[in-house]
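Structural description and commentary
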Amino acid sequence: FADRDRPGWDEELRGLENVIADLPPERTLDVACGTGLSFLPLYERGWRVTACDLSPAMLEIARAKVADDVGLVVADMRELPRLGEFDLIWSLNDSLNYLLSVEELQSALGSMAANLAPTGVLLFDVNTLLTYRSFFGQTQVRELGGKRFVWRGKARPEAIAPSSIYEAEYEVEGLSAGHVHRQRHFTEAEVRASVEAAGLRCLKVYGEREGDLEPGVDESIHTKAVYLCARGDAVGPAAE
């Protein structure tokens, strides 16, 4: 559900690290970092990390996990300020699915592209129809640290369709009211068109299955689509 104990995260991370294995540990920007789940592995491996999120409360939790050398910024991914030139920008854990239109997706990718170094790469994931048919159509309960976490998917599996919006409710029983998660599905065609509109070039697309990344994406068997992109004017390794 959240933080480093999220089921399957270790497996997902191993697949993502294989994609960026040839990159030296340099400057990274983690967009929509939440509580730090996605940037901590890079930070622990020596990357110079800047991270941003729309929620100040999430960033407070992230700050408690790292030293002051990590720059944490409150920012909306659709209109990021100029934060630097980064060798790696990534936005993981279906953050982009919380954008509810193609126009918002294009704005977010364009704002990331503006912070990308000439030879840098952008890595992001989006949920597939399989995830909305399964995870967003189920109720799941976890016990952790004496707390009971409940996820209630509202999607009807038989009504799943491309480019639609889906909802789920998440709560910590006894501690908080239910929080609604509302996400939009993006087709591969929509993502590729948004990448191009943002001045980027799609280098590779992977489908994630049980933590492994496979070339190409099949939304009936993969839970996420993972995109590796570079600037449209990239030269050198990022242009390959």
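Let me sum up the structure you'll find in this document.

1. Details of the sheet that holds strand β11 (residues 212-215)
Ordered in space as β3-β2-β1-β4-β5-β12-β10-β11, the 8 strands form an open sheet in which the pairing is mixed. Unpaired on one side and paired on the other, β3 (71-74) and β11 mark the two borders of the sheet. Adjacent strand axes in the sheet meet at a mean angle of 20 degrees, parallel and antiparallel pairs treated alike. With 8 bridges joining them, strand β10 (residues 200-209) and strand β12 (residues 224-231) adopt antiparallel strand pairing. Paired with Glu 208 across the bridge in β12 is Lys 224. Set on the sheet, helix α3 (residues 56-63) makes contact with β2 (48-53) and β3; between it and β3 the angle comes to about 170 degrees. Helix-sheet contacts for helix α6 (residues 188-197) involve β5 (116-127), β10 and β12, and the interaxial angle to β10 is about 150 degrees.

2. So, the nonpolar core
Residues Leu 96, Leu 109, Leu 122, Phe 124 and Leu 200 are the most contacted members of the largest nonpolar core, which totals 29 residues. Elements with a contribution of two residues or more to this core: β1 (27-31), β4 (86-91), α4 (102-113), β5, α6, β10 and β12. By residue number, the principal contributor to this core is α4, which donates 6 residues. In contact with Leu 109, not counting residues within four places along its chain, are Leu 96, Leu 122, Phe 124, Ser 194, Val 195, Ala 198 and Leu 200. Ranked by size, the runner-up nonpolar core spans 23 residues in total, among them Trp 47, Leu 88, Trp 90 and Leu 92.

3. Some details on empty space enclosed by the protein
For the coordinates displayed, the defined rule picks out 1 cavity of 30 Å³ or more. In this model, the largest cavity occupies a volume close to 40 Å³. If you go around the largest cavity, the residues you meet are Val 126, Asn 127, Thr 128, His 185, Phe 186, Thr 187, Glu 188, Val 217, Glu 219, Ala 225 and Tyr 227.

4. What to know about the pattern of salt bridges
The final tally for this structure, using the stated rule, is 15 salt bridges. One salt bridge in this structure joins Glu 26 and Arg 48, with 3.0 Å as the shortest N-O distance. Of the two residues, Glu 26 is situated in the loop between α1 (9-19) and β1 and Arg 48 in strand β2; the sequence distance between them amounts to 22 residues. Judged by its relative accessible area of 30%, Glu 26 falls in the partly exposed class. Measuring nitrogen to oxygen at the nearest pair gives 3.4 Å for the salt bridge that ties Arg 82 to Glu 85. For Arg 82, a relative accessible area of 54% gives the class exposed.

Conventions adopted
Residues numbered from 1 in each chain as written. Predicted model: local features only at pLDDT ≥ 70, side-chain atom pairs only at ≥ 80, totals over all residues. Heavy atoms only, no water. Pairing = 2+ DSSP bridges. Helix = DSSP H or I, 4+ residues; strand = E, 2+ residues; numbered from the N terminus. Axes fitted to C-alpha atoms, helices over the stretch in contact; angles between N-to-C directions. Contact = heavy atoms within 4.5 Å. Core = buried A, V, L, I, M, F, W, Y, C linked by side-chain atoms within 4.5 Å. Buried < 20%, exposed > 50% of the residue type's maximum accessible area, 1.4 Å probe, protein only. 1 Å grid on protein atoms, 1.4 Å probe; cavity = no way out; pocket = protein on both sides within 12 Å on 5 of 7 lines; lining within 4 Å. Points joined across faces, edges and corners; volume = space filled by probe spheres on them. Salt bridge = Lys/Arg side-chain N within 4 Å of Asp/Glu carboxyl O.

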